[in-house]
Amino acid sequence: MASLAEIVRSRTHLKLAHIAHLQRLVASWNLLADFCFSDLLLFVPVDGPGDDGFVVVGHVRPSTSQTLYRHDLLGERTNAAERPLVSSSMRLGSIIEGEITVNVIRERVRVVCIPVRWQGETIAVLSRESTPSVGRSPGELERIYVDIFNRFARMIATGDFPFTVEDSDAKESPRVGDGVVVLDRAACVEYASPNAVSALHRMGVHANAEGMRLGEIGLEDELVRDAFAIAKPVTQELERGEVIVLVRCIPMLDAQGVSGAVVLFRDITEVRRRDRLLLSKDATIREIHHRVKNNLQTISSLLRLQARRTSTEEAKEAIAESVRRISSIALVHETLSREAGEDVPFIEILRPLVRMVEEAVSSPDRELRFAVDGDAGTLPAAIVTPMAVVLTELLQNAVDHAFPEGRDRDADENLVRIELVNDGSELIVRVVDNGVGLPEGFSVDRVNGLGLTIVRALVTSDLRGTIDMFEPPDGTAGTVVELRVLLD
Ligand SMILES: Nc1ncnc2c1ncn2[C@@H]1O[C@H](COP(=O)(O)OP(=O)(O)OP(=O)(O)O)[C@@H](O)[C@H]1O
Ligand SMILES: [Mg+2]
């Protein structure tokens, strides 16, 4: 569905500053719809010579009452004949009330049309639309709320509302249903809604607030004083023992200045408690990864001690290989202990892994270069851990078998390239070397070396992927190992 900005830009003559004003209005108008228990529609005149049409650029329903319009009216066209009050309000720049028959729902509708003014100019009309109330007298809460709406309506007509500051985080921002306190010109409580009284009780305030300032009944009222002083809304979190309440003070203005304010209260204790729990769960997971890494390092040290006491070369070699395999797993846990979630950017693992293999082979008579092409993006820990072990084996194989000593070739050109492709549904990892190539009659399914046996097991079972080894397709010497893993 088209946005307010798209509709306004394509069908009206309004400028960017106008659009920004309307966007600010729409960002804070849930509050207005709730205070007046009505649907709100925002009309903007459409462009074109002799055109008396309007387009609906915004529609909001009240959460305190029923809606008149079951389908969304955004983008709908209308004209002066259908909507005479919108047209007059636009032309005269004044608030106009009346009753009309709305064709789309074939019903009588009570409307209050409010000109939206920006720097002295009427740029749109906000219309409050409700069912005509027949012989029913409203209760106290309803009367007070509608009165607040009317005060905001006058501010819209003079250009004082919406405020020129960005609205606070709309997702968390308290709603009318959460609890409302109305303050008079002297910042004394005129009215507190039942939900506001409950919120005050939970904060330990049991005194009757009426006629008192919030400071006098034991609340920090700095935000109220700030809001009155700067004539702009102020939001603050108040913490009372176990209870956390989000408080938003919205000043109301008239010709004399700040004429009062509405203060909205929302108990967010539960929301914050869950935030904290998640944070501590995250910290625990990281701590566990850290400990696993430490334990793996301890195991490596024990194996190295053992190797020093063995006399046979073969045993020493076997233990050294185990230490290498364990190190690659430790490396993954170390990275996970630094990351916030269970997903890791794969490059964070790959870089230290390559460095580890690089350091092990570095000797003056064996030049070997490693390069990484492409990006695998962020991968879940369940894929990263086996993938780290697999890559260690493949890099080690390139080091061990691709470039035997005494090979008739310039050593500078010895290269191992890791190619990464991640299209969101499949991960392809290739380890490509330009060495001597695979032995005659080699088949990846039949090798019984420990390295490739581990690789095959991890790729087919843990990663549910495939492995393939072949000569480079461009006919040059060397080996390509290709892994394909489906991501879901
Ligand atoms: N990049 C490569 N270039 C040439 N030959 C390779 C390459 N990778 C593997 N091979 C061949 O595949 C065989 C099996 O490899 P595998 O990793 O299973 O065992 P290994 O490396 O010999 O022993 P281990 O890994 O257990 O120390 C190797 O002996 C080698 O002949
Ligand atoms: Mg090997």
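Residues numbered from 1 in each chain as written. Chains lettered and ligands numbered in written order. Predicted model: local features only at pLDDT ≥ 70, side-chain atom pairs only at ≥ 80, totals over all residues.

Undergrad: Teacher, can you tell me more about the overall build of the chain here?
TA: Scanning the chain from N- to C-terminus turns up 12 helices and 18 strands. Its C-alpha atoms give the chain principal-axis dimensions of roughly 100 × 60 × 35 Å. The buried share of the chain, reckoned over its 488 residues, is 33%. The long-range share in the chain, meaning contacts at least 24 apart out of those at least 6 apart in sequence, stands at 62%. (Helix = DSSP H or I, 4+ residues; strand = E, 2+ residues; numbered from the N terminus. Buried ≥ 20, exposed ≤ 12 C-beta atoms within 10 Å, placed from the backbone. Contact = placed C-beta atoms within 7 Å.)

Undergrad: Teacher, can you tell me more about the domain arrangement of the chain here?
TA: Where the parts come together, the accessible area they lose is often given as the size of the interface. According to the domain assignment, the chain contains domain 1 (4–158), domain 2 (176–267), domain 3 (274–341) and domain 4 (343–488). Taken over C-alpha atoms, the centre of domain 1 sits 64 Å from the centre of domain 3. (Domains from an automatic or database assignment.)

Undergrad: Looking at this model, I keep getting lost on unusual backbone geometry. Mind explaining?
TA: With the exception of glycine, the majority of residues adopt a negative phi angle, and the majority of peptide bonds are in the trans configuration. In this chain, Phe161 is followed by Pro162 through a cis amide linkage whose omega measures 0°. In this structure, Pro162 sits in the loop between helix H5 (140–158) and strand E7 (180–183). A positive phi angle, close to 50°, is found at Arg106, a residue other than glycine. Tracing the chain through its elements places Arg106 in the loop between strand E4 (96–102) and strand E5 (107–118). One non-glycine residue, Ala187, lies in positive phi territory at about 65°. Secondary-structure assignment places Ala187 in the loop between E7 and strand E8 (189–192).

Undergrad: Teacher, can you tell me more about the site of ligand 1 here?
TA: Inspection of the region around ligand 1 gives 17 residues, with Asn397, Gly449, Leu450, Gly451 and Leu452 positioned closest. Broken down by secondary-structure element, the contributors of at least two residues to the shell around ligand 1 are helix H11 (381–402) and helix H12 (450–462). Ranked by residues supplied to the shell around ligand 1, first place goes to H11 with 6 residues. (Near = placed C-beta within 6 Å.)

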